[in-house]
Amino acid sequence: MAGTRQIRYRLMIDWDFNGTYTDESAYLESARGDMRLTPPAEAITGGSGIVSSMSLVMRNPSGRFSPLRTDGALYAYLANGGGYHVPCYLEISIDGGTNYYRVFTGVLKLPTESTLTSRENPLITIEARSREETLLQQRISTTMTAFRQLHDTTSTEADYIYAWLGAAGLTGSDMTLDPGMFVISHGWLDDESPIEDAWNLAAAAGGRLYCDPDGEFIYENLAHWQVATRSTTSQATFTRDTFGGLSIRYDDSEIFNVVTVEAAPRVLGGSEVVWESDAQIALEPGTATPFVARYDTPVYTVSGYDFEARTAGGWTATSDVSATVTYYAQRAEFEFTNAGTEKAYLTSFRILGVPVIGGPEQEQTRNSTDHGTNAAWFANRGTRTKSVRGNPYIQTPAHAGTLAQFMLRRLEKPRVTLLLSQCAGVSALRLSDRITVTDASTLSSSQAAIVTGIAWSLSLAGGFTQDIEAIQATNLYPNEGNYFIVGTHALGSSRKVFF
């Protein structure tokens, strides 16, 4: 790489969670980070997303960042683990530009401190994670009303993601979501992490959900790389002058000529007893007793509940007992009050409603001979089958068939991954950006590729560099750049309908 660049950066930390950030740039020794997408073929089968990370090395001569130094400037914030999940961001400007671009937004973890030695200055290392970190341990339950509304309004995967992240406290300004491509009949949370289920849902739709360096939660649908401007127009060009090394890798672990996707249908049942107690419930007199009834399957609607109560002597006490209840998709939370003077027991207790029941699994299979274009390549290589099973959000044969066809066309040809090392860092570069790679000694022509991973490093000595992983754009879609877009292309054009 040629030339010397001017790098400016700002490390901002909100120590007291009030939205006012302190500039800690003067203490930053170095930083590194990593962000990546789940590999395209694995996204549908893997489900789980990848949380971006950052590691900060801070100069600490005065004990500013020491949680055990009572004379440290930040002791009041850091004592007793106070630095945990503190909001932060790091942004970089290159060559005197007025625009700073964030390379990370998230929250801090707890620090690791090294003391002063004869060879080293006192340093402190602080790890950080992107905003998904704050949602991983949250537990959310979908109310029955919300569950029913999402079903009745033919909601797509994007609608569910918006609802679940909203239930976790995010707002519309925290999210940028592509339009959904699949109607999901039934989706709910039952004391579950909203981000983990949203990852699974995005995977079921062939999309990706992640938090970008600006702190926004991004959902990219199945067609994103064919319609998003940053994915269809090159955002940066890398040549031998701007990268240190280039390696090219074929991923032969993801080559298949048969793809099978399983659908797990769910339908509404008839009105019936959706829950019934199998033991007596004791209610102390004059007190409120909480009780949770968990259903085996989610319930679309509850028509009512009934119970009988008796004292230990067998006298009826039903009229002394009242209840308040909150209904969730897969449980009901009761609070019983016994207004009598004796201990009462619920001897029978049941809830009536309409459950959501699972139908028999159905499979959709696509193969290169009948549905693909590369059957001849497999003639001497045998059959390789990819199976996708167990994702509860693939609920219809049409949904499963679309995924099977999409995956077949992507997996039946070997894919090329470009690995660029020690690139002159581009702070504005984002995941899913299209880039151009040129190297006459390795490539006969420039290659267009989609960025799937960025590992970056910032230091006074080394400047700002990135290692970039990108997948060749060719063969990602069989009709690259030639799909029909509603509102853009005229009817009767030669463009193809997207899967």
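Scroll up to find the structure.
For every chain, the first residue of its written sequence is number 1, and the numbers climb from 1 along that sequence. Selection of residues for local features in this predicted model requires a pLDDT of at least 70, selection of side-chain atom pairs for listing and counting requires 80 or more, and totals for whole chains, interfaces and linings are taken over all residues. The basis for every side-chain value is the complete set of non-hydrogen atoms in the structure, without hydrogens or water.

Novice: So what's going on with the overall build of the chain? Residues and values would help.
Specialist: From N to C terminus, the chain includes 10 helices and 27 strands. With the C-alpha coordinates of the chain rotated into their principal frame, the extents come out at 90 × 75 × 40 Å. Evaluated residue by residue, the chain yields a buried proportion of 47% over its 499 residues. Considering only intrachain contacts with a sequence separation of at least 6, the fraction spanning at least 24 residues in the chain is 74%. Per-residue and other accessible areas were derived by the Shrake-Rupley procedure at a 1.4 Å probe size, with only the shown protein chains allowed to occlude residues. Split by element, the accessible area of the chain, about 22800 Å² in all, is 48% carbon and sulfur. Secondary structure counts use DSSP, requiring at least four H or I residues in a row for a helix and at least two E residues in a row for a strand, with both numbered from the N terminus. Note on exposure labels: buried denotes an accessible area under 20% of the residue type's maximum, exposed denotes more than 50%, and partly exposed covers the range between, all computed with a 1.4 Å probe on protein chains only. The contact rule is simple, with two residues in contact once any of their heavy atoms fall within 4.5 Å.

Novice: Before we move on, can you summarise the sheet that holds strand 23 (residues 385–388) with the specific residues and values?
Specialist: The strand order across the open sheet built from three strands is 22-13-23, with neighbouring strands paired in mixed fashion. In this open sheet, the two edge strands, each paired with only one partner strand, are strand 22 (362–367) and strand 23. The average undirected angle you get between the axes of adjacent strands in this sheet is 15°. The pairing of strand 13 (residues 258–263) with strand 23 spans four bridges and is classified as parallel. Counted as the bridge partner of Val259 is Lys386 from strand 23. The axes used here are C-alpha line fits, helices contributing only the stretch in contact, and every angle between their N-to-C directions lies in the interval 0 to 180 degrees. In this fold helix 10 (residues 397–411) packs onto strand 13, strand 22 and strand 23, with an angle of close to 155° to the strand it touches most, strand 13. One bridge is not enough; two strands pair if DSSP finds at least two bridges between them.

Novice: Tell me what's going on with helix 10, and back it up with residues and numbers.
Specialist: Its 15 residues place the ends of helix 10 20 Å apart at the C-alpha level, agreeing with the 21 Å of an ideal helix rising 1.5 Å per residue. Extensive coverage of helix 10 is indicated by the burial of 13 of its 15 residues. Every helix has an expected span of 1.5 Å times one less than the residues it contains.

Novice: I'd love a proper account of the packing of aromatic side chains, names of residues and values included.
Specialist: Here a ring pair, both rings aromatic, is described through the centre-centre distance and the interplanar angle of the planes. Here is the rule: rings of Phe, Tyr and Trp (six-membered ring for Trp) pair when centre to centre is within 6.5 Å. Planes less than 30 degrees apart are stacked, more than 60 are edge-to-face, and the remainder are tilted. Scanning the entire structure with this criterion turns up 18 aromatic pairs. Aromatic side chains Phe334 and Phe336 sit 5.5 Å apart centroid to centroid with 5° between the ring planes, which places their arrangement in the stacked category. Taken as a pair, Phe334 and Phe336 share a single burial class, namely buried. Three or more aromatic residues link up through ring pairs in this structure, and these residues are Trp275, Phe291, Tyr305, Phe307, Phe334, Phe336 and Phe349. Over a ring means this: the NZ of a Lys or the CZ of an Arg is within 6 Å of the ring centre and within 35 degrees of the ring normal. The positively charged end of Arg381 is found above the aromatic ring belonging to Trp377, 4.0 Å away from the centroid.

Novice: Which residues make up the sheet that holds strand 8 (residues 175–177), and what values do they have?
Specialist: Strand order in the open sheet made by the three strands is 8-10-9, with mixed pairing throughout. In the strand order of this sheet, the two ends are held by strand 8 and strand 9 (208–211), each with one partner. Pairs of neighbouring strands in the sheet enclose a mean axial angle of 10°, with direction left out of account. Of the strand pairs in this sheet, strand 9 and strand 10 (residues 217–220) are connected by four bridges, and their pairing is antiparallel. Considered in strand 10, the bridge of Leu209 is made with Tyr219. Where helix 5 (residues 157–167) meets the sheet, its contacts fall on strand 8, strand 9 and strand 10, and the angle it forms with strand 8 comes to roughly 170°. Packed onto the sheet, helix 6 (residues 194–204) meets strand 9 and strand 10 and runs at close to 145° relative to strand 9.

Novice: Could you give an account of the side chain of Asp212, naming the residues involved and the relevant values?
Specialist: Following the sequence through the fold, Asp212 ends up in the loop between strand 9 and strand 10. We score Asp and Glu as negative and Lys and Arg as positive, and we do not count His or the chain ends. Any Lys or Arg side-chain nitrogen located within 4 Å of an Asp or Glu carboxyl oxygen qualifies as a salt bridge. Summary of buried charges: Asp212 has no salt-bridge partner, and the nearest side chain of opposite charge, Arg430, is 4.8 Å away. Polar contacts, as used here, are pairs of N or O atoms within 3.5 Å; protein pairs need one atom able to donate a hydrogen and one able to accept it. Residues neighboring in sequence count only if both atoms are side-chain atoms. One polar contact links the side chain of Asp212 to the main-chain amide nitrogen of Asp214, over a distance of 3.0 Å.

Novice: Run through the packing of helix 5 against helix 6, naming residues and quoting values.
Specialist: Packing of helix 5 against helix 6 leaves a shortest axis separation of 10 Å and a crossing angle of 175°. Compared by their axis directions, helix 5 and helix 6 come out roughly antiparallel. In contact with Glu157, Tyr160, Ile161, Trp164 and Leu165 of helix 5, helix 6 contributes Pro194, Ile195, Asp197, Ala198, Leu201 and Ala202. By residue class, the composition of the contact of helix 5 with helix 6 is nine nonpolar, no polar and two charged. The scheme is simple: roughly parallel for angles under 35 degrees, roughly antiparallel for over 145, roughly perpendicular for 65 to 115, oblique for anything else. Put simply, Ala, Val, Leu, Ile, Met, Phe, Trp, Tyr, Cys and Pro go in the nonpolar bin, Asp, Glu, Lys and Arg in the charged bin, and everything else, Gly too, in the polar bin.

Novice: Give a detailed account of the pattern of salt bridges, specifying residues and quantitative values.
Specialist: Counted according to the given criterion, the structure contains 23 salt bridges. A salt bridge links Asp439 to Arg240; the nearest nitrogen and oxygen atoms lie 3.2 Å apart. Taken together, the residues span a long stretch of sequence, with Asp439 in the loop between strand 25 (434–437) and strand 26 (447–459) and Arg240 in the loop between strand 11 (234–238) and strand 12 (245–250) at a distance of 199 residues. Taking the relative accessible area as the measure of exposure, Asp439 reaches 4% and is therefore buried. For Glu412, the salt bridge identified is with Arg409, shortest N-O distance 3.4 Å. Connected through shared salt-bridge partners, Asp34, Arg36, Arg249 and Glu469 make up one network.

Novice: Give a description of unusual backbone geometry that names residues and reports values.
Specialist: A positive phi angle, near 50°, is found at Gln422, a position not held by glycine. Owing to a relative accessible area of 41%, Gln422 belongs among the partly exposed residues under this scheme. A positive phi angle is found at Ser432, which is not glycine, with a value near 75°. Along the chain, the position of Ser432 falls in the loop between strand 24 (416–424) and strand 25.

Novice: Account for helix 4 (residues 144–152), naming residues and giving values.
Specialist: For helix 4, the set of buried residues is Met144, Phe147 and Leu150. Around the axis of helix 4, the buried residues are gathered within 130° of arc, so they sit on the same side. Exposed side of helix 4, more than 90 degrees from the buried face: Thr145 and Gln149 are the residues found there. Where helix 4 terminates, the next one or two residues include Thr154, which has phi positive at roughly 45°. In this context, the arc is that of the directions from the helix axis out to the C-beta atoms.

Novice: Lay out the nonpolar core with the relevant residues and their values.
Specialist: Only buried Ala, Val, Leu, Ile, Met, Phe, Trp, Tyr and Cys residues count toward a nonpolar core, and they belong to the same one when joined by side-chain atoms within 4.5 Å. Grouped together as the largest cluster of nonpolar side chains are 69 residues, with contacts concentrated most on Phe238 and Ile435. In terms of residues, this core owes the most to one element, helix 10, which gives seven residues.

Novice: Give me the lowdown on the environment of Arg430, citing residues and values where you can.
Specialist: Locating Arg430 in the fold gives a position in the loop between strand 24 and strand 25. The exposure class of Arg430 is buried, given its relative accessible area of 11%. In the structure, Arg430 is positioned 21 residues away from Val451 in sequence and 7.4 Å away in space, judged by C-alpha atoms. One polar contact links Arg430 to Asp214, side chain to side chain, over a distance of 3.3 Å.

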